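Notes for the structure review
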Amino acid sequence: AQSVTQLDSQVPVFEEAPVELRCNYSSSVSVYLFWYVQYPNQGLQLLLKYLSGSTLVKGINGFEAEFNKSQTSFHSRKPSVHISDTAEYFCAVIRTNFGNEKLTFGTGTRLTIIP
Amino acid sequence: DAGVTQSPTHLIKTRGQQVTLRCSPKSGHDTVSWYQQALGQGPQFIFQYYEEEERQRGNFPDRFSGHQFPNYSSELNVNALLLGDSALYLCASRFQGADTQYFGPGTRLTVL
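Figured I'd write up the structure that's included with this text. Each chain has its residues counted from 1, running along the sequence as written. Chain letters start at A and ligand numbers start at 1, both assigned in the order the entries are written. The predicted origin of the model limits local features to residues at a pLDDT of at least 70 and limits the giving and counting of side-chain atom pairs to 80 or more, whereas totals for whole chains, interfaces and linings rest on all residues. Heavy atoms from the whole structure form the basis of all side-chain values; hydrogens and water molecules are not counted.

The subject of this paragraph is the sheet that holds strand S3 (residues 19–24) of chain B. Residue and element names in this part refer to chain B. Any two strands are treated as partners once DSSP identifies two or more bridges connecting them. Secondary structure elements are taken from DSSP: a helix is a run of H or I of four residues or more, a strand is a run of E of two residues or more, and numbering for both begins at the N terminus. What the four strands build is an open sheet, ordered S1-S3-S8-S7; its pairing is antiparallel. At either margin of the open sheet sits one strand with a lone partner, and together these are strand S1 (5–7) and strand S7 (64–68). Along the sheet, successive strands turn relative to each other by an average axial angle of 20°, direction set aside. In this structure, S1 lies alongside S3, joined through three bridges in antiparallel fashion. Pairing of Gln 6 across the sheet is with Cys 23, part of S3. Note on definitions: angles span 0 to 180 degrees between N-to-C directions of axes, and those axes are lines fitted to C-alpha atoms, for helices only across the stretch in contact.

In structure tokens:
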């Protein structure tokens, strides 16, 4: 089984400051990793994903993330946040040899941008 | 290209009632999964449908059931509603074998 831990339930950040959203996972098999963003009263939107290759991946809205296999982490960063980044961010994993596999999510990190 | 759509947007039911939620997948997608997102929590997998069959199921009781139609759309049915069933129900679709699931806006169910 897989599990995901998002180390911070809430992250307040001043506008135009950098932010890091932390994610650690546990799995006995290889996994793909995802970050999804959920704006207030909306569904989930794919922010970025790591499947293979370069461990640094870029996503939408200026976010990027780095896969670290030795530390089983997939932290996401943005160098300068905007008010519009206010949302809930979810880290998720899925087994690489999936067929009918489910996504396993963390409990989320609420990013609040302070003007 | 329309994304994943869900109906209704909001729903209020009372304990003991039954509810049906609907999902239309993204164009061309043949696999539909349902997730329950309780307030303040991450989404939890309910089940997945492919070729009109339930392929995998999470830790949810039999009160939760589903169906997939030949056009790949899907329904989630919940019987004998409990207060704890109040949540945002998310539908996600993908091509079978693809790595990325695309989510709909969700149906918010409130059980009184």
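Stacked, edge-to-face and tilted labels apply to pairs of Phe, Tyr and Trp rings (six-membered ring for Trp) whose centres lie within 6.5 Å, assigned for plane angles under 30 degrees, over 60, and everything in between, in that order. All told, the structure shown has 13 aromatic pairs over all chains when counted by the stated rule. Both rings, one in Tyr36(A) and one in Phe105(A), keep their centres 5.9 Å apart while their planes meet at 50°; by these two values the pair is tilted. Here Tyr36(A) is found in strand S5 (residues 31–38), whereas its partner Phe105(A) is found in strand S11 (residues 104–105), with 69 residues between them in sequence. In this structure, Tyr36(A) and Phe105(A) share a single accessibility class: buried. Aromatic side chains Phe105(A) and Phe103(B) sit 6.0 Å apart centroid to centroid with 75° between the ring planes, which places their arrangement in the edge-to-face category. One end of the pair, Phe105(A), is in strand S11; the other, Phe103(B), is in strand S10 (residues 102–103), on a second chain. Grouping residues by exposure puts Phe105(A) and Phe103(B) together as buried. An aromatic cluster of at least three residues, connected via ring pairs, comprises Phe34(A), Tyr36(A), Phe90(A), Phe105(A), Tyr35(B), Phe45(B) and Phe103(B). Partly exposed describes any residue whose relative accessible area lies between the buried limit of under 20% and the exposed limit of over 50%, with all areas from a 1.4 Å probe on protein chains only and scaled to the type maximum.

To continue, consider the nonpolar core. Grouped together as the largest cluster of nonpolar side chains are 27 residues, with contacts concentrated most on Val19(A), Leu33(A), Trp35(A), Leu48(A), Phe74(A) and Tyr89(A). Excluding residues that lie within four positions of it along the chain, Tyr89(A) makes contacts with Gln6(A), Leu21(A), Trp35(A), Tyr36(A), Val37(A), Leu47(A), Phe63(A), Gly108(A), Thr109(A) and Leu111(A). Grouped together as the second largest cluster of nonpolar side chains are 20 residues, Leu11(B), Val32(B), Leu81(B) and Val111(B) included. Put simply, buried Ala, Val, Leu, Ile, Met, Phe, Trp, Tyr and Cys residues joined by side-chain atoms within 4.5 Å make one nonpolar core. Contact definition: two residues touch when any of their heavy atoms are within 4.5 Å.

Right, let's talk about unusual backbone geometry for a bit. Most of the time, phi is negative for any residue but glycine, and the peptide bond is trans. That bond from Ser7(B) to Pro8(B) is cis: its omega, -10°, falls within 30 degrees of zero. Counting through the fold element by element, Pro8(B) comes out in the loop between S1 and strand S2 (10–13). Here Glu16(A), not a glycine, exhibits a phi torsion of approximately 75°, which is positive. Within the fold, Glu16(A) resides in the loop between strand S2 (10–14) and strand S3 (19–21). We classify Glu16(A) as exposed; its relative accessible area is 60%. Positive phi, normally seen in glycine, also occurs at Ala80(B), with a value near 45°.

Purely geometric stuff here, so don't read any function into it on its own.
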